[in-house]
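Okay, here's what each chain looks like letter by letter:
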Amino acid sequence: MAHNAISFINSKNEEISLCNYETTKDLIELWGRTGFEAPLVTYIDEESADGHIATIGVKINARDVSINMVVVGGSEAQRDSVFHNLINKIFEYGTGSVWGKLKLSRSDGSFVYLNCIYAGGIDEIVEQYTKFHKFVLRFHASDPFFYDEDFTEFIFSDTEQHGLYLGDVYFGDIYLQGGANTAVLNINNTGQVCYPVITIVGPAKTISLYNVTTGKTLAMDSAFELADEEVLTIDCRDRLRSIILAQYGQGDEDITSSMALGSTLVFPINPGLNVIEITYTDTTANTSVNFAFQKRYLSA
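Before going into details, it helps to say that this report is about the structure given with it. Every value quoted in this text rests on a predicted model; they were computed, and no experiment measured them. (Residues numbered from 1 in each chain as written. Predicted model: local features only at pLDDT ≥ 70, side-chain atom pairs only at ≥ 80, totals over all residues. Heavy atoms only, no water.)

### Thoughts on helix 1 (residues 76–90)
Along an α-helix, residues three or four apart share an orientation, since each turn contains 3.6 residues.
Okay, step 1: Taking 1.5 Å as the rise per residue, helix 1 with 15 residues should run 21 Å; its terminal C-alpha atoms sit 21 Å apart, in good agreement.
Okay, step 2: Here the buried face of helix 1 lies against strand 1 (6–9), strand 2 (15–17), strand 3 (27–29), strand 6 (63–72), strand 8 (111–120) and strand 9 (132–141). (Helix = DSSP H or I, 4+ residues; strand = E, 2+ residues; numbered from the N terminus. Expected span 1.5 Å × (residues − 1). Contact = heavy atoms within 4.5 Å.)

### What about the side chain of Asp-26?
Okay, step 1: Tracing the backbone through its elements, the reader meets Asp-26 in the loop between strand 2 and strand 3.
Okay, step 2: Of the side chains with opposite charge, Lys-25 lies nearest to the buried Asp-26, which makes no salt bridge, at 10 Å.
Okay, step 3: Side chain to side chain, Asp-26 and Thr-24 meet in a polar contact 3.0 Å long.
Okay, step 4: With sequence-adjacent residues up to four places away left out, Asp-26 is seen in contact with Asn-20, Val-70, Val-71, Val-72 and Val-82. (Buried < 20%, exposed > 50% of the residue type's maximum accessible area, 1.4 Å probe, protein only. Lys, Arg positive; Asp, Glu negative; His and termini not counted. Salt bridge = Lys/Arg side-chain N within 4 Å of Asp/Glu carboxyl O. Polar contact = N/O pair within 3.5 Å; in protein donor to acceptor, adjacent residues only side chain to side chain.)

### Focus: the pattern of salt bridges
Okay, step 1: Per the counting criterion, the structure on display carries ten salt bridges.
Okay, step 2: Between Asp-238 and Arg-296 there is a salt bridge, with its nearest N and O atoms 3.2 Å apart. Note that Asp-238 is positioned in the loop between strand 19 (231–235) and strand 20 (242–247) and Arg-296 in strand 24 (residues 296–297), a separation of 58 residues in sequence.
Okay, step 3: A relative accessible area of 7% places Arg-296 in the buried class.

### Considering empty space enclosed by the protein
Okay, step 1: By the definition in use, this model includes one cavity of 30 Å³ or more.
Okay, step 2: What the largest cavity holds in volume is close to 40 Å³.
Okay, step 3: Every residue lining the largest cavity is listed: Phe-8, Ile-90, Glu-92, Trp-99, Gly-100, Cys-116, Ile-117 and Tyr-118.
Okay, step 4: No other element matches strand 8, which puts three residues into the lining of the largest cavity.
Okay, step 5: Looking at the lining of the largest cavity residue by residue, the class counts come to six nonpolar, one polar and one charged. (1 Å grid on protein atoms, 1.4 Å probe; cavity = no way out; pocket = protein on both sides within 12 Å on 5 of 7 lines; lining within 4 Å. Points joined across faces, edges and corners; volume = space filled by probe spheres on them. Nonpolar A, V, L, I, M, F, W, Y, C, P; charged D, E, K, R; others polar.)

### Looking at the pairing of strand 6
Okay, step 1: In terms of burial, strand 6 is largely enclosed, as seven of its ten residues are buried.
Okay, step 2: Here three bridges tie strand 3 to strand 6, and the two strands are oriented antiparallel to one another. Bridging across to strand 6, Glu-29 finds its partner in Met-69.
Okay, step 3: Bridge count between strand 6 and strand 9: ten bridges; the pairing is antiparallel. The residue of strand 9 that forms the bridge with Asp-64 is His-140. (Pairing = 2+ DSSP bridges.)

This is how it looks when you write it as structure tokens:
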């Protein structure tokens, strides 16, 4: 039996444990997981006219994982009841952009998840035993990264217009630099390259983020003003990059075009230390910033 907790959460947010050895003992993961270490890569080689060959690019491929399972019942009917419940929860089809995810504990006790779909295994079962089935569950992940269950967050605000103030919930080191409205975040990213989501509650002007480590800048145009009670969400994650303005009583508006020249939403947090400066002006006690990101890993 495998030691780490593991479950599947489908697109309806229904969760089913894939190993309940400590409780009902009717659905158990066996040893022999595959695909949970580093994914395969594809490389591109180029040959020059003089015959020299060099690798000019490496791409991380999608990931396929498998889990060895056994379902057990006191009778054939009890076995099938557990088995059919499993099928109903993990089997999804059709078209969509949001699917399920495997949630599992790492050796240090932390939880990570892999965005994936059930891809097969149950169809290969051969009827051999009355009270149990042994089979393999296979899952396909077009995004090969394992993500922290929770976001790492830096939260601060300007309580009395005297400068940025650390909120009650934060991680890492934040200190003031220079004037009253620049915060410096020292972020130690222990995972792979990831991308933040920044949420700013107005009022605020001259909004700018600068990663000293990478040299990347993310700033709003100098003419942009975030009014009181307006919320600006800057999402830098893969396939989700956007800048959304939520105006009180008026809904959401995509204002990515209001980004300043020279800025980019490809704003990575590299492995290791990242020094990030966040600056804004014209704040009140209502102003706050939430800088958040999910660490991601190549193995679980």
